[in-house]
Every structure is written in C-alpha cells, then in structure tokens.
Amino acid sequence: MSDEEHHFESKADAGASKTFPQQAGTIRKNGYIVIKNRPCKVVEVSTSKTGKHGHAKCHFVAIDIFNGKKLEDIVPSSHNCDVPHVTRTDYQLIDISEDGFVSLLTENGNTKDDLRLPTDDNLLSQIKDGFGEGKDLVVTVMSSMGEEQICALKDIGPK
C-alpha cells in the first residue's frame, strides 16, 4: 500500500465505554448505577412483585457520587441498566493554586493540574490545613463518565 508509517497521538483512553450494562435485578446496595446520565451509588433497593402479567420492578434510591444529590429510578428487574465504570487513583499533592486548582504528582512522575479543590467543606479544610502545615498529603481522585473529583485524603507524614 504505502511506505510511510502512521503515528497516532494517544488521547488518554482507548474509546472504552463509560458504562456497561447490568441486569437491574442484580444491582445491590452500595453498587453503582447511572440515573439521568449521572453516576450514582445505590443506597436503597426495593423489589416489588407485580400483578398477573407484569414484570417485577426494582426501585433504586441512589446518591450522585460527584454532587451528592439524591436520585430515584424504577426499572423492570429483567431489563438492563447502565452501570458506570468508577476508578479511584491516589496522587500526591504538590501545590494548591490561588484559583482553587490543585497540582498533583502522578505515579509516572508527571503533574496533573486540571483538578479543582473539592466542594465538600470538611475535606477542603483538611486539605488546606494539612498543606499549610507542610504535611505530605495523598489525595484519592474518583473518576467516572469523564468527570473527576477529589474524594479522600491521606496524611503520609511530614515532608
């Protein structure tokens, strides 16, 4: 065909799906589910039996993993629901900028500068106080469906 080589720029993921299907009847409490295009953690599941010819229905009560809003959905238990791929990654905190962004150190030695400080006041004050005291902090970043947010903090001792 042609003698020239093709070079492709890698843009993070390999186009993998942000969600995968799972039968509604198999999703349990503390699992994940997509409701109204938001990744959520299931806090309550109730299954109702229906009449002669209907389907059993699953009633999900779930909390959005990024903004904490409570969402509900009712799905026939035999139907498939979308379940988000949720990953947690630990990064070392290097710096906090004036405009609310954090600078994080990845495992391969690069920096990640595109994350904002969390909106949760308790976690926010822990991060700012710990950083102000010069502690070595490791933050846990939860990512799902193209969104990322700091969700936890570990102190690994003084610098």
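Our subject is the structure listed above.
Computed from a predicted structure; not experimentally measured.

A. Examining the pattern of salt bridges more closely. On inspection of all chains with the given rule, the structure shows seven salt bridges. For R38, the salt bridge is made with D64, and the minimal N-O distance between the two is 2.6 Å. Residue R38 is located in strand β3 (residues 38-48), and its partner D64 is located in strand β4 (residues 57-64); the two are separated by 26 residues in the primary sequence. A residue is classified by how much of its surface remains accessible, and R38, at 22% relative accessible area, is partly exposed.

B. Seen up close, the sheet that holds β3. Pairing is antiparallel in the open sheet, where four strands are placed in the order β2-β3-β4-β5. Looking at strand neighbours, the two that pair on one side only are β2 (32-35) and β5 (70-76), the edges of this open sheet. Taken pair by pair, the neighbouring strands of this sheet meet at an average axis angle of 45°, ignoring direction. Examined bridge by bridge, β4 and β5 share seven bridges and lie antiparallel to one another. In the sheet register, V61 faces β5, and the bridge partner there is E72.

C. Helix α1 (residues 121-132), seen in detail. Between the first and last C-alpha of α1 there are 16 Å, a value that for twelve residues agrees with the 16 Å anticipated at 1.5 Å per step. Regarding α1, the residues found buried are L123, L124, I127 and G130. With its buried residues spanning 145° around the axis, α1 presents them on a single face. Opposite the packed face of α1, turned more than 90 degrees from it, sit the exposed residues D121, N122 and G132.

D. Examining the environment of Y32 more closely. Examined against the element boundaries, Y32 turns out to sit in strand β2. We classify Y32 as partly exposed; its relative accessible area is 22%. Separated by 53 residues in sequence, Y32 and H85 place their C-alpha atoms 8.5 Å apart. Leaving out residues up to four positions away in the same chain, Y32 has contacts with I27, C40, K41, V42, I65, V83, P84 and V86.

E. Expanded view of the nonpolar core. Ranked by size, the top nonpolar core spans 14 residues in total, and within it L93, V102, L104, I127, V139, V141 and I150 carry the most contacts. When contributions to this core are tallied by element, the ones reaching two or more residues are β7 (86-96), β8 (101-105), α1 and β10 (135-144). Leaving out residues up to four positions away in the same chain, I150 has contacts with V102, L115, R116, P118, L123, I127, V139, T140 and V141.

The rules behind these values
- Throughout this description, residue numbers start from 1 for each chain and increase along the sequence as written.
- In keeping with the predicted nature of the model, local features appear solely for residues at pLDDT of at least 70, side-chain atom pairs appear and are counted solely at 80 or more, and the whole-chain, interface and lining totals rest on all residues.
- Excluding hydrogens and water, the side-chain figures rest on all heavy atoms present in the structure.
- We define a salt bridge as a contact between a side-chain nitrogen of Lys or Arg and a carboxyl oxygen of Asp or Glu at a distance within 4 Å.
- Strands are runs of DSSP state E lasting at least two residues, helices are runs of H or I lasting at least four, and both sets are numbered from the N terminus onward.
- Here the term buried applies to any residue with accessible area under 20% of the maximum for its type, exposed to any over 50%, and partly exposed to those in between, with areas from a 1.4 Å probe on protein chains only.
- What makes two strands pair is DSSP finding at least two bridges between them.
- Convention adopted: a line fitted to C-alpha atoms gives each axis, helices being fitted over their contacting stretch, and angles between N-to-C directions are expressed from 0 to 180 degrees.
- Expected span of a helix: the number of residues minus one, times 1.5 Å.
- The arc in question is traced by the directions running from the helix axis to the C-beta atoms.
- What makes two residues a contact is simply this: any of their non-hydrogen atoms within 4.5 Å.
- Within this scheme, the nonpolar core is defined by two criteria: the residues are buried Ala, Val, Leu, Ile, Met, Phe, Trp, Tyr or Cys, and they are joined through side-chain atoms within 4.5 Å.

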